[in-house]
Structures are given as C-alpha cells and as structure tokens.
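Spelled out from the first residue to the last, the chains are:
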Amino acid sequence: MTSRLNENNINGTHHQPSSFSSSKASFKGCCCCLFLLFSFLLLLILAVILVIVLAVKPKKPQFDLQQVGVQYVGITPNPATITTSSASVSLNIRMVFTAFNDNKVGIKYGQSRFTIIYHGIPLGRGTVPGFYQPAHSVKRVETTIVVDRVNLLQADAADLIRDAALNDRVELRVLGDVGAKIRIIGFTSPGVEVSVDCAIVISPRKQALTYKQCGFDGLSV
C-alpha cells in the first residue's frame, strides 16, 4: 500500500508542471489572437477612414470678415497733467463674418474669440458662439466688441489722439482663432484652426470703416 501511495505522489508531482505549462501556452495563444484581432480592426477602421477622406476630399473652412460697422468711437484725454500723457478709449464695433463651406459634409464650429488691438495693446474682446454649418452653404455670423474706457498711456495715447483729431484715421488690428471640425457619417474629424488677422482703419468723425485688409491661415491641430 505504501509503495502505491508513493508511486501516486511521484506521478502527481510529474503531472503538475505539465498542466501548468499547457495553461500558460493557452493564455499566450489567447493573447496573441486578441492582439491580431485588434490590429486587424484598427487597420480596417483606418482603411475605411482613408476611403471616406479620399471620396469626400475635405477642404479647410473659409471664415472671412465681411463687414465692420463702427457704432461708437470716443477718445477722451485724461487731464492728469498739463501735457496729454493719457487718454480713455471707448469703442463699439460690430463685425460680420461669412463662413463658406464648399465641402460635401457639414462643419461644426466651436466658440470663436476676437480681439481688437491698437499698437499691440488689447482694447477689447468679442465672441462668436459655436454653430453647425451644412454642406455647400454660406452662413453669416456677427459679434460686437465693446471697449469701455480703456486707458492708454504716454506715447500710445498721444499717437491715438493725433490720429483721431488731426488725421481722422485710427488703425486697429482684429485677431482671432476659429476652430472647426468636419462631420463625416457621424464621425468628427480632428480640429482645424483658422487664424484671422485683419488690419482695419476707422474714421472717428464719420464713425465708419475706411480700410480693411485680412489674412487667413489654416493650421491643423
């Protein structure tokens, strides 16, 4: 009897490593199959996206500053000293942008922000809420930038007062970034950012725009 138990124990110790090795091999096989499956699915998704992109041929969105309306211009010298060393600027500027979508699919725009700048100094900001634009369409959006008594000091104030009072010509810049994404069959593409940089000239006496030149640059994010 003792010899049989010893024999069974010996046989048992020999069977355990064999069972562990087979389980380990099965686990490795399953991991390998899952890896191959995920790789195949990833390649399939990339192939489908590539086919859709080649078929649709998406173009970058076009966002143009169409109109600028000067609703109010006010420049008040601050009587702090005998010489004019500072001035308060107040502006109400209404800007109308036109979005062009020549794509076969829609474009989803995020919230856009624009800044009015004089001599490198930010005067005020305006925002355009996000919106969706269907394929082959043109949409007009607008924003109003309000500058409420922003103080300019020393040379900048002197330049502004001279430009407004003597030349009736105040040069400003409009800077902003417009974020957009293309919607393709329920999928949203990576974002594309269109940078807007416009140089405008306003007439304080006429309360009107006299010059506009814009540049646009599309940058993939």
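Preceding this paragraph is the structure being described.
This section reports on the structure supplied with the text. (Residues numbered from 1 in each chain as written. Predicted model: local features only at pLDDT ≥ 70, side-chain atom pairs only at ≥ 80, totals over all residues. Heavy atoms only, no water.)

**Observations regarding empty space enclosed by the protein**
- For the coordinates displayed, the defined rule picks out two cavities of 30 Å³ or more.
- What the largest cavity holds in volume is close to 50 Å³.
- In terms of lining, the largest cavity is formed by V73, I75, V89, L91, Y118, L123, L160, V170, L172 and I202.
- Of the residues that constitute the lining of the largest cavity, the class distribution is 10 nonpolar, no polar and no charged.
- Taken as a whole, the second largest cavity spans an internal volume of roughly 30 Å³.
- Taken together, K59, K60, P61, Q62, F100, N101, D102 and N103 form the lining of the second largest cavity.
- Here the residues of the lining of the second largest cavity sort into two nonpolar, three polar and three charged. (1 Å grid on protein atoms, 1.4 Å probe; cavity = no way out; pocket = protein on both sides within 12 Å on 5 of 7 lines; lining within 4 Å. Points joined across faces, edges and corners; volume = space filled by probe spheres on them. Nonpolar A, V, L, I, M, F, W, Y, C, P; charged D, E, K, R; others polar.)

**Details of the sheet that holds strand β2 (residues 86–101)**
- The strand order across the open sheet built from three strands is β1-β2-β7, with neighbouring strands paired in antiparallel fashion. In the strand order of this sheet, the two ends are held by β1 (62–77) and β7 (137–153), each with one partner. Here the average twist between neighbouring strands, direction ignored, is 10°.
- With 15 bridges connecting them, β2 and β7 associate as antiparallel partners. Note that in β7 the partner of F97 across the bridge is V141. (Pairing = 2+ DSSP bridges. Helix = DSSP H or I, 4+ residues; strand = E, 2+ residues; numbered from the N terminus. Axes fitted to C-alpha atoms, helices over the stretch in contact; angles between N-to-C directions.)

**Things to note about the pattern of salt bridges**
- Scanning the model with the defined rule gives four salt bridges in all.
- Salt-bridge contacts for E171 lead to R169; the nearest nitrogen and oxygen are separated by 2.4 Å.
- You can call E171 partly exposed: its relative accessible area is 45%.
- A salt bridge links D197 to R173; the shortest N-O distance between them is 2.6 Å. Of this pair, D197 sits in strand β10 (residues 192–203) while R173 sits in strand β8 (residues 170–184), and the two are 24 residues apart along the sequence. (Salt bridge = Lys/Arg side-chain N within 4 Å of Asp/Glu carboxyl O. Buried < 20%, exposed > 50% of the residue type's maximum accessible area, 1.4 Å probe, protein only.)

**Focus on the nonpolar core**
- Ranked by size, the top nonpolar core spans 39 residues in total, and within it F63, L91, M95, Y109, F114, L123 and L172 carry the most contacts.
- Here this core gets seven residues from one element, more than from any other, and that element is β2.
- In this structure Y109 touches P61, Q62, F63, A99, F100, G130, F131, Q133, V178, G179 and A180, once residues within four positions along its chain are discounted. (Core = buried A, V, L, I, M, F, W, Y, C linked by side-chain atoms within 4.5 Å. Contact = heavy atoms within 4.5 Å.)

**Here's the deal with the environment of Y211**
- Structurally, the position occupied by Y211 is in strand β11 (residues 208–220).
- Judged by its relative accessible area of 37%, Y211 falls in the partly exposed class.
- C-alpha of Y211 to C-alpha of A199: the two residues are 12 residues apart in sequence and 7.9 Å apart in space.
- Once residues within four sequence positions are removed from consideration, Y211 is found in contact with A199, I200 and V201.
- At 2.5 Å, the side chain of Y211 forms a polar contact with the side chain of Q213. (Polar contact = N/O pair within 3.5 Å; in protein donor to acceptor, adjacent residues only side chain to side chain.)

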